[in-house]
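Here's the letter readout for the chains.
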Amino acid sequence: MTDELLQHFFAPKGVAVIGASQDPNKLGYGLARNILQGNYPGAVHLVNPKGGMLLGKAFYRSVLDVPDPVDLAVILIPAPAIPNVLRECGRRGIPAAIISSGGFRETGEAGAALERECAEIAHEFGIRLIGPNCVGVVETHLPLNTTFLSPPGPPAGEIAYISQSGAICASVVDWARGQGFGLSRLVSLGNQVDLKEADFLVPVAKDPFTRVLTLYLENVYNGRHFVEQAIKVSPQKPILAIKVGRFQSGQKAAASHTGALAGKDAAYEAAFRRAGVIRAETIEELFDWARTLAWCPPPAGRGVAVLTNAGGPGVTAADAVEMNGLHMANLSQETMAALRKILPPAANVTNPIDLLGTGSPEQYVECLKILLADDEVHSVLVILLPPPMYSAGAVANALIPVIHNATKPVVITLMGELMIQEAVQHCRANRIPEYRFPERAASALAVLARRAEYLANSKDELLAFHDVNQELAQRLLTGAKPRLDSEGWLPQDVANALLQAYHIPTPGVRLVHSAEEAVEAARQAGLERLPHGIALKIDSPDILHKSDVGGVLLNLRSPEAILQGYQQIIQNARAAYPEATINGVFVQPMIPPGQEVIMGVVRDAQFGPLVMFGSGGVEVEGLKDVAFALAPLTQQEAEYLLENTWAGRKLKGFRNLPAADRLAVIQALARLAQMAMDIPEIAEIEINPLRALPQGQGVYALDVRARLAVASAG
């Protein structure tokens, strides 16, 4: 599909309105009215088998009768009649259609069958579809309004809005008018029988009027495709998204720690971060941020100056700045001296700068110029309460030329309601972001900083290793399939060999079936030379948490201890799980002390392999010190996993804890992610713990579990 094909939705030469009505109480009337009265410059053809007239235009009885040009059909008729009309659109050669009608899969199985029939017809004739069950499309700069919403439509602007909710489209249009910002394009996706949210990212971003893309998402149909398309757009134009339904359980928890902790929302967070999509928590926040990104230049850093005419709001703003990950700029002595020259002695010239209630328009202007000239100030948050001696409108009007000429972002908090309305109108008319409270303004500045940092680091390379033996790994899996349990878990020896094929170090491990075999295996491993002895671990597909049942013994240094330990482990396992299948006991050399972490990969249904990293050991699910990223990993994503967990941060050393081999941890993490990408059969794999030795000494995977997809296992 080419981007040009989708232009039939945004810049058609002619539109056929199928279901136009003369009745003002019907949606078909509103749809036809919006196109006819919206100054659309192309041809409009109204279609209704009953005939009639509307706003001076005669109705055609069939779409087959409409003359050229017509490259977009907007269909708003009862759902059962749509398949036949869609066939007529195909025979007429119309390449694009919007099905606004409801009555499809949202109503049950009969509606779903009707929806599938429409998809098949569209595919047969090469028609691209938006909907069904949608509001339509708006292109404000052409202009074209194919919705049935009450007029007026959204004002023309720079923010595109793509939504999986038609009802919220209606409220956003009205809210945009009331809040003083405009939309460039609006796309209501409906049931997405054909075109999905990802299909519109690149075409909408190519629109020269669009400066920011905003998304309302309830789900993503093809996660990897969405990420691929968003990655193409994000370096050029910011994408903001709100994803609802985040607290619903989206998948059955898997049997590993990784699977249990990887909720569906973790996958969306990871996908958005990889794609450069900025996630908002609320719709208000979505458009707060969108306005700032559309209207402000990016900052060079996170230093903020606050300029206010009241002390309390200034302190509130300072807290909000820090809370949003920014910092209050340290003003230079020259800046503070310049401020003192124009402000009364009682004014505060340290950040936040308090002009006092007597602050005049001229003082606001001069102070803002001084702050913008300070190299430590990367952005400015201006707070304006209604001044007792001047109008808020006068102050705002005086600030506008300075803000427009600035190369640094400036946002304004106008605190109040009735007495600030003139100032509000001045700001909105001049594309200056204004907010009612400092917290919202600080949040918007923080998003500007995030955007600037993303642009500085967007050329992040994937971590890829060419020394891995994928062919060997595939042979291991093929050979192990007869030995899989009912859930697809691999035998321990195969899981260890799998890691070795990807050069993730493991201690030598051997499965034994008697105490005497255990002693012999320990001797062959060099028991007398091992400073920390050997470990024994039960091997049973029915015992997930070995240490919880006494299934792990450590630091065994003598044959006698090993003989006794073997018997003890078997007894512990039998006592805890009398019906468990016990394959034997693993004998493994003990590795020197180090820091222990967990890493794993689980396959998300939407986004594919999802990598987890965090604090390992027996308390992983209790601590929940974990972070997630999409596989394969980039250097930046690997750093994110480490920097956003305590397990990763302390690898650099903490108090009396020496620094561990951080580079080796990152490499093991990236190799595990690469394995999951290379071998789609792997449903989940987890190393817990991975022991990181001191710097330069590497890592060891002390325990690994791997499961194949059940279909593959069968």
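Everything that follows concerns the structure shown earlier in this document.
Residues numbered from 1 in each chain as written. Predicted model: local features only at pLDDT ≥ 70, side-chain atom pairs only at ≥ 80, totals over all residues. Heavy atoms only, no water.

Engineer: Explanation requested: the overall build of the protein in the structure shown.
Structural biologist: Along the backbone of the protein there are 25 helices and 30 strands. Viewed in the frame of its principal axes, the protein has a C-alpha envelope of about 100 × 80 × 40 Å. Evaluated residue by residue, the protein yields a buried proportion of 58% over its 714 residues. Within the protein, contacts between residues at least 6 apart in sequence are counted, and of these 72% link residues at least 24 apart. Total accessible area on the protein stands at roughly 28,900 Å², and carbon and sulfur atoms take up 53% of it. The protein carries 61 positive and 72 negative side-chain charges, and their two centres are separated by 3 Å. (Helix = DSSP H or I, 4+ residues; strand = E, 2+ residues; numbered from the N terminus. Buried < 20%, exposed > 50% of the residue type's maximum accessible area, 1.4 Å probe, protein only. Contact = heavy atoms within 4.5 Å. Areas by Shrake-Rupley, 256 points an atom, 1.4 Å probe, with all protein chains shown as cover. Lys, Arg positive; Asp, Glu negative; His and termini not counted. Charge placed at Lys NZ, Arg CZ, Asp CG, Glu CD.)

Engineer: Can you walk me through a nonpolar patch on the surface in this structure?
Structural biologist: A surface patch of nonpolar side chains, amounting to about 250 Å² of accessible area, comprises Trp 646, Phe 654 and Leu 657. Of note, Leu 657 is situated in the loop between helix H23 (646-649) and helix H24 (662-678). (Patch = residues over 30% accessible without salt bridge, like charges linked within 9 Å, V, L, I, M, F, W, Y side chains within 5 Å. Salt bridge = Lys/Arg side-chain N within 4 Å of Asp/Glu carboxyl O.)

Engineer: How should I be thinking about the packing of helix H19 (residues 515-524) against helix H20 (residues 559-576) in this particular structure?
Structural biologist: The description of two helices packed together rests on the angle between their axes and the distance between the axes. Where H19 contacts H20, the axes come no closer than 8 Å and their chain directions differ by 135°. Between H19 and H20, the angle is such that the two are oblique. Here H19 runs over H20; the crossing is right-handed. Along the contact surface, H19 presents Ala 515, Glu 516, Ala 518, Val 519, Ala 522 and Arg 523, while H20 presents Pro 559, Ile 562, Leu 563, Tyr 566 and Gln 567. Its residues placed into classes, the contact of H19 with H20 shows eight nonpolar, one polar and two charged. (Axes fitted to C-alpha atoms, helices over the stretch in contact; angles between N-to-C directions. Parallel < 35°, antiparallel > 145°, perpendicular 65-115°, else oblique. Left-handed = near helix turned anticlockwise from the far one by under 90°. Nonpolar A, V, L, I, M, F, W, Y, C, P; charged D, E, K, R; others polar.)

Engineer: Teacher, can you tell me more about the environment of Glu 285 here?
Structural biologist: Relative to the assigned elements, Glu 285 resides in helix H10 (residues 283-295). Residue classification places Glu 285 among the buried positions, given a relative accessible area of 19%. Every residue in contact with Glu 285, bar those within four places of it in the chain, is listed here: Ala 280 and Ser 443.

Engineer: Looking at this structure, how should I read helix H18 (residues 492-501)?
Structural biologist: One turn of the α-helix equals 3.6 residues, which is why residues spaced by three or four share an orientation. Where burial is concerned, most of H18 is hidden: eight out of the ten residues are buried. When we look at burial in H18, the residues that qualify are Gln 492, Val 494, Ala 495, Asn 496, Ala 497, Leu 498, Leu 499 and Ala 501. Looking one or two residues beyond H18, the residue adopting positive phi is His 503, at roughly 55°.

Engineer: Sorry, what's going on with unusual backbone geometry here?
Structural biologist: Excluding glycine, residues mostly have negative phi values, and the peptide bonds linking residues are mostly trans. With omega at 0°, the peptide bond leading from Pro 151 into Pro 152 counts as cis. In this structure, Pro 152 sits in the loop between strand S9 (144-145) and strand S10 (156-163). In this chain, Asn 351 is followed by Pro 352 through a cis amide linkage whose omega measures 5°. Mapped onto the fold, Pro 352 is located in the loop between helix H12 (333-342) and strand S17 (353-354). For Gln 192, which is not glycine, the phi dihedral falls at a positive 55°. Within the secondary structure layout, Gln 192 lies in the loop between strand S11 (183-188) and helix H6 (201-205). Judged by relative accessible area, Gln 192 falls into the buried class, the value being 3%.

Engineer: Just to check I follow, could you spell out the packing of helix H5 (residues 166-179) against H10 for this structure?
Structural biologist: Axis separation between H5 and H10 bottoms out at 12 Å; the angle between their running directions is 50°. Taken together, the axes of H5 and H10 are oblique relative to one another. When you trace H5 past H10, the crossing you get is right-handed. Contacts from Ile 168, Val 172, Trp 175 and Gln 179 in H5 reach Ile 283, Glu 284, Phe 287 and Arg 291 in H10. Of the residues in the contact of H5 with H10, the class split is five nonpolar, one polar and two charged.

Engineer: I would appreciate a short explanation of the sheet that holds strand S22 (residues 534-539) in the present structure.
Structural biologist: Strand pairing within a sheet occurs via backbone hydrogen bonds; the two strands may be parallel or antiparallel. Strand order in the open sheet made by the four strands is S21-S24-S22-S23, with antiparallel pairing throughout. A strand with exactly one partner marks an edge of an open sheet, and here the two such strands are strand S21 (510-512) and strand S23 (552-556). Each strand of the sheet is rotated relative to its neighbour by a mean of 25°, with strand direction disregarded. With six bridges joining them, S22 and strand S24 (residues 584-589) adopt antiparallel strand pairing. Following the sheet pairing, Leu 536 is matched in S24 by Val 587. (Pairing = 2+ DSSP bridges.)

Engineer: Got a minute to help me understand the nonpolar core in this structure?
Structural biologist: Within soluble globular proteins, side chains that are nonpolar generally end up buried alongside one another. Phe 9, Val 17, Ile 130, Phe 200 and Phe 226 are the most contacted members of the largest nonpolar core, which has 61 residues in total. Of all hydrophobic cores here, the second largest spans 51 residues; its members include Val 494, Val 611, Leu 669 and Ala 673. (Core = buried A, V, L, I, M, F, W, Y, C linked by side-chain atoms within 4.5 Å.)

Engineer: How should I be thinking about the pattern of salt bridges in this particular structure?
Structural biologist: Should the charged atoms of two oppositely charged side chains come close, the side chains can pair. Inspection of every chain in the model, using the stated rule, returns 31 salt bridges. One salt bridge connects Arg 128 with Asp 194, and the closest N-O pair in it is separated by 2.8 Å. Taken together, the residues Arg 128 in strand S7 (residues 128-130) and Asp 194 in the loop between S11 and H6 connect sequence positions 66 residues apart. Among the ionic pairs, Glu 471 bridges to Arg 475, the shortest N-O distance being 3.3 Å. Placement of both Glu 471 and Arg 475 in helix H17 (residues 470-480) is noted, with a separation of four residues, approximately one turn of the helix. Overall, the relative accessible area of 57% leaves Glu 471 in the exposed class. What emerges from the salt-bridge pattern is a single network uniting Glu 284, Asp 288, Arg 291, Arg 428, Glu 434, Arg 436 and Arg 440.

Engineer: So what exactly am I meant to see when it comes to H10 here?
Structural biologist: Spanning 13 residues, H10 covers 18 Å between terminal C-alpha atoms, matching the ideal 18 Å at 1.5 Å per step. Across the 13 residues that make up H10, a large majority, eleven, are buried. Along H10, the residues classified as buried are Glu 285, Leu 286, Phe 287, Asp 288, Trp 289, Ala 290, Arg 291, Thr 292, Leu 293, Ala 294 and Trp 295. (Expected span 1.5 Å × (residues − 1).)

Engineer: Honestly, the sheet that holds S9 in this entry has me stumped. Any pointers?
Structural biologist: Read from one edge of the open sheet, seven strands run S9-S8-S11-S10-S12-S13-S14, paired in mixed fashion. Each edge of the sheet is formed by a strand with only one pairing partner; in this case those strands are S9 and strand S14 (277-279). Summarising the sheet, strand S13 (residues 239-243) and S14 pair through three bridges and their orientation is parallel. Note on S14: the bridge partner recorded for Leu 240 is Ile 278. Set on the sheet, helix H9 (residues 264-275) makes contact with strand S12 (212-217), S13 and S14; between it and S14 the angle comes to about 135°.

Engineer: Sorry if this is basic, but what is going on with the state of the cysteines here?
Structural biologist: Between two cysteines, a covalent bond joining their sulfur atoms is known as a disulfide. Enumeration over the complete set of coordinates arrives at zero disulfides. Distance from the sulfur of Cys 118, which forms no disulfide, to the nearest cysteine sulfur (Cys 89) is 11 Å. Here Cys 134 stays unpaired: no disulfide links it, and the sulfur of Cys 169, its closest cysteine neighbor, is 8.8 Å away. (Disulfide = S-S within 2.5 Å.)

Engineer: Would you mind going over the packing of aromatic side chains with me for this structure?
Structural biologist: Aromatic rings in a pair are described by how distant their centres are and how their planes are angled relative to each other. For the coordinates displayed, the defined rule picks out nine aromatic pairs. Seen in terms of ring centroids, Phe 10 and Phe 200 are 6.3 Å apart; in terms of plane orientation they differ by 85°. Their pairing is edge-to-face. With Phe 10 in helix H1 (residues 3-10) and Phe 200 in the loop between S11 and H6, the pair connects residues that are 190 residues apart, well separated along the chain. Here Phe 10 falls in the buried class, since its relative accessible area comes to 1%. (Phe/Tyr/Trp six-rings, centres within 6.5 Å; stacked < 30°, edge-to-face > 60°.)

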